[in-house]
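Secondary and tertiary structure notes
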Amino acid sequence: MLLEKFGVAVLTVLAGIGAALLLFWLLNKLAELMPSKWEERIKPFFYILPAYLAVIIYLIYPAIQTVVDSFRDSTSTTFVGFENYSRLLASSGFRSTLFNTLLWILIVPAATVILGLAVAVLADRLKPQSEKLAKTIIFMPMAISMVGAATIWRFVYAAMPEGQPQIGLLNAMWTGLGGSPVAWIQQNTLHLNSLLLMVVLLWSQVGFSMVLLSAAVKGVPGDTLEAARIDGATERQIFFQVVVPQIKGTIITVFITVTISVMKIFDIVYVLTNGNFNTNVVGNEFFNQLNTNFNNGAASAIVVLLMLAVVPIMWYQVRHFKAEEANG
Amino acid sequence: MSTAVQAPSARQRKKAASFDPNPAKAGWLTKLVLLLLCVLWLTPTIGTFITSFRTLDDSNTSGWWTVLWTPSAWSSMTLDNYTQAINGSNMGNALINSFAIALPATFIPILVAAFAAYAFTFMEFKGRDVLFLTIVAMLVVPNYVALVPMLKIYGALGMNGTFAAVWLAHIGFGMSLAIYILRNYMATLPKTVIESAKIDGASHFQTFYKLVLPMSVPALASFAIFQFLWVWNDLLVALVFVGPGENEPVTIGLTHLRGQLGQGWNLTMAGGFLSMIVPIIVFLALQRYFVRGMTAGAVKG
């Protein structure tokens, strides 16, 4: 039974690749049958057609449909105008969900960049072998799923009743210092539990930030550092006035990438609290509206809000790409 | 760190510029900070690993770290948690399901994207720039947009709950990234080689599969690793299109183990480790390509 499933998976891969090959071969032949003036004109479109179809079916069409659905009721049958939006924005629950998401956006990307840059710069001074080891250790959580990371950290934050030995690392240390056990993920004073959830994402993303920034730091031309040193600059001045300006592009790239993944953060919150104890975020609320409340209208409205938040980033991304092409 | 300023001798300067652009060496404070960070980063994973071999009683009554200094606890280590997670809690089945979803989602889009990337790099046509900028813009669109409409379409087609529903979706979501990575890589290939092939009378189709495709293998590998890890570790898309049950992947399987806490952390951690082992192996073995893909500007929405 299991082997059969695995076999089907391998066959699917082979059939999929074979079908793609056949498709391109046919499209290519079709183009070659045309008069040569037409052949050159139509061939590029045949080459990009299958890829573009995938993007249209799975991103462009659904994006439009989602906007339409956000103005319809929970089963997408009748138009309700802005009711989904007004109802969401009027509910205090959703407003705190938005606020929590904003906290994530304000804290996590900045923290990820700072920590990643710190590790990159510090590890750069180690011997090559130790540098590689340190970086691999920090980088490895990136391979672990958010569900896995959240499960691991749920164990770190676990609490046992007072008097019993604590099996969660954080409570063991806390009670070791004389405190009484705390159910950490239920503590929403000053959003402590949201911060603890953010730690999980930091743990998983700092490696990504470190690798990109480390490559950038190593790419800073040695003679600019040399010149600064000859001019008598301190290491601190060199870092902030020579290194940082030269790696600004990478810093922005990391910041944007992490910001996007933070905006749609779902798995960590779903596993650790499912949005309870005032930790809800937009991604989790979307899933609850879709899967628990079966409210397509509200779910679509949340996605539209998310898309609106992404538009400035998209605009920046396109402009940045154009500028880079013009330079290269 | 010494900040004393000396005029470096010509030899020193040459050495600094050509060999070691960063003469600052790690002091003890740097080493200590890095060591602490590494310990902090490793500890949760080590705790997971150790707990996954402990018995229910042990894991409920003492911290996993006590194992480190009580050698007597080592003899009670057991593989039972793994047997139970695989057979009793569906994780074995879920592992196969994860392969059934991740393999097609990883390998099928590569060729399709490579053709498109070839056209965007080496062919002139009307609207090329606009079409490619659309792909760049699509990079940051969250895949949330697809879930509600596709759920309806899949429902009408009777596809909900199937593997194909999930891997087809991942192909759609990964396509813009694939085209982007491959096109950026192909743009760095020497134009002269491609032009001389053209002069020798090679068609686009031949140039593509005899020259450009083999030369692009590093970029293909980068994308494949990215996509594999991304699909394997995905929870949301799987939850929406497959949901819990016979066809669930490991990420969903793990969320059930979380629900069975009455059985203790030992089983959860065994399941957790099972779900991580494949991506960790892929990652460690192919880290080089992964890093290259990231530095090639992999931004995914």
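First, a word on scope: everything that follows refers to the structure included in this document. (Residues numbered from 1 in each chain as written. Chains lettered and ligands numbered in written order. Predicted model: local features only at pLDDT ≥ 70, side-chain atom pairs only at ≥ 80, totals over all residues. Heavy atoms only, no water.)

**What to know about the overall build of chain A**
Scanning chain A from terminus to terminus reveals 14 helices and zero strands. Since a compact globule built from 328 residues should have a radius of gyration of about 20 Å, the 25 Å found for chain A marks it as more spread out than a globular shape. With the C-alpha coordinates aligned to their principal axes, the bounding extent of chain A is approximately 85 × 65 × 50 Å. Looking at the 328 residues of chain A, the share that counts as buried comes to 52%. Counting only contacts in chain A whose residues sit at least 6 apart along the sequence, the fraction spanning at least 24 positions is 63%. (Helix = DSSP H or I, 4+ residues; strand = E, 2+ residues; numbered from the N terminus. Rg over C-alpha atoms; globule rule 2.2 N^0.38 Å. Buried < 20%, exposed > 50% of the residue type's maximum accessible area, 1.4 Å probe, protein only. Contact = heavy atoms within 4.5 Å.)

**A few points about the environment of D58 of chain B**
Residue and element names in this part refer to chain B. Assignment of secondary structure puts D58 in helix α3 (residues 56-61). Spatially, the C-alpha atoms of D58 and M77 are 9.5 Å apart, while their sequence positions differ by 19 residues. Polar side-chain contacts of D58 include one of 3.2 Å to the side chain of S76. (Polar contact = N/O pair within 3.5 Å; in protein donor to acceptor, adjacent residues only side chain to side chain.)

**Quick look at helix α6 (residues 146-156) of chain A**
Judged by how many residues are buried, α6 of chain A sits mostly within the fold: eleven of eleven residues are covered. Among the residues of α6 of chain A, those classed as buried are M146, V147, G148, A149, A150, T151, I152, W153, R154, F155 and V156 of chain A.

**A few points about the packing of aromatic side chains**
With the rule as written, the count across this model stands at 38 aromatic pairs over all chains. Ring plane angle 50 degrees and centroid distance 6.0 Å describe the contact between F82 of chain A and Y85 of chain A, whose orientation is recorded as tilted. The class for F82 of chain A is exposed, based on a relative accessible area of 61%. Ring geometry for Y118 of chain B against F122 of chain B: centres 5.2 Å apart, planes inclined by 50 degrees, an arrangement best described as tilted. In this pair, Y118 of chain B and F122 of chain B are both assigned in helix α6 (residues 91-122), four residues apart and thus about one turn of the helix distant. In this pair, the class of Y118 of chain B matches that of F122 of chain B, namely buried. In this structure an aromatic cluster arises from ring pairing among F24 and Y47 of chain A together with F115, Y118, F122, F205, F208 and Y209 of chain B. For R288 of chain B, the ring lying beneath its charged end belongs to Y289 of chain B, and the centroid distance is 5.0 Å. (Phe/Tyr/Trp six-rings, centres within 6.5 Å; stacked < 30°, edge-to-face > 60°. Lys NZ or Arg CZ within 6 Å of the ring centre and 35° of its normal.)

**Notes on the pattern of salt bridges**
All names here are of chain A. Using the criterion set out here, one finds 14 salt bridges over all chains in the structure. R125 is paired through a salt bridge with E235; the nearest N and O atoms lie 3.8 Å apart. You can see R125 sitting in the loop between α4 (92-123) and α5 (128-139) and its partner E235 sitting in helix α10 (residues 235-246), a full 110 residues away along the chain. Each member of the pair, R125 as well as E235, carries the same accessibility label: buried. (Salt bridge = Lys/Arg side-chain N within 4 Å of Asp/Glu carboxyl O.)

**As for the nonpolar core**
Nonpolar side chains in soluble globular proteins tend to end up buried together. In this structure, W104 of chain A together with F241 of chain B are the most contacted members of the largest nonpolar core, which totals 212 residues. Looking at this core, the element that brings in the most residues is α6 of chain B, giving 21 residues. Dropping the residues within four chain positions of it, W104 of chain A is found in contact with P109, S194, L197, M198, L201, V262, I265, I268, V269 and V281 of chain A. (Core = buried A, V, L, I, M, F, W, Y, C linked by side-chain atoms within 4.5 Å.)

**A short note on the packing of helix α14 (residues 296-327) of chain A against helix α8 (residues 144-157) of chain B**
Close contact between α14 of chain A and α8 of chain B brings their axes to 8 Å; oriented N to C, the two are set at 150 degrees. Of the possible angle classes, the one that applies to α14 of chain A and α8 of chain B is roughly antiparallel. Seen along the crossing, α14 of chain A lies across α8 of chain B with a hand that is left-handed. Contacts between α14 of chain A and α8 of chain B involve N296, A299, S300, V303, L306 and M307 of chain A from the first element and Y144, V145, V148 and K152 of chain B from the second. For the contact of α14 of chain A with α8 of chain B, a count of residues per class yields seven nonpolar, two polar and one charged. (Axes fitted to C-alpha atoms, helices over the stretch in contact; angles between N-to-C directions. Parallel < 35°, antiparallel > 145°, perpendicular 65-115°, else oblique. Left-handed = near helix turned anticlockwise from the far one by under 90°. Nonpolar A, V, L, I, M, F, W, Y, C, P; charged D, E, K, R; others polar.)

So, to be careful, I would describe these as geometric facts and stop short of saying anything about function.
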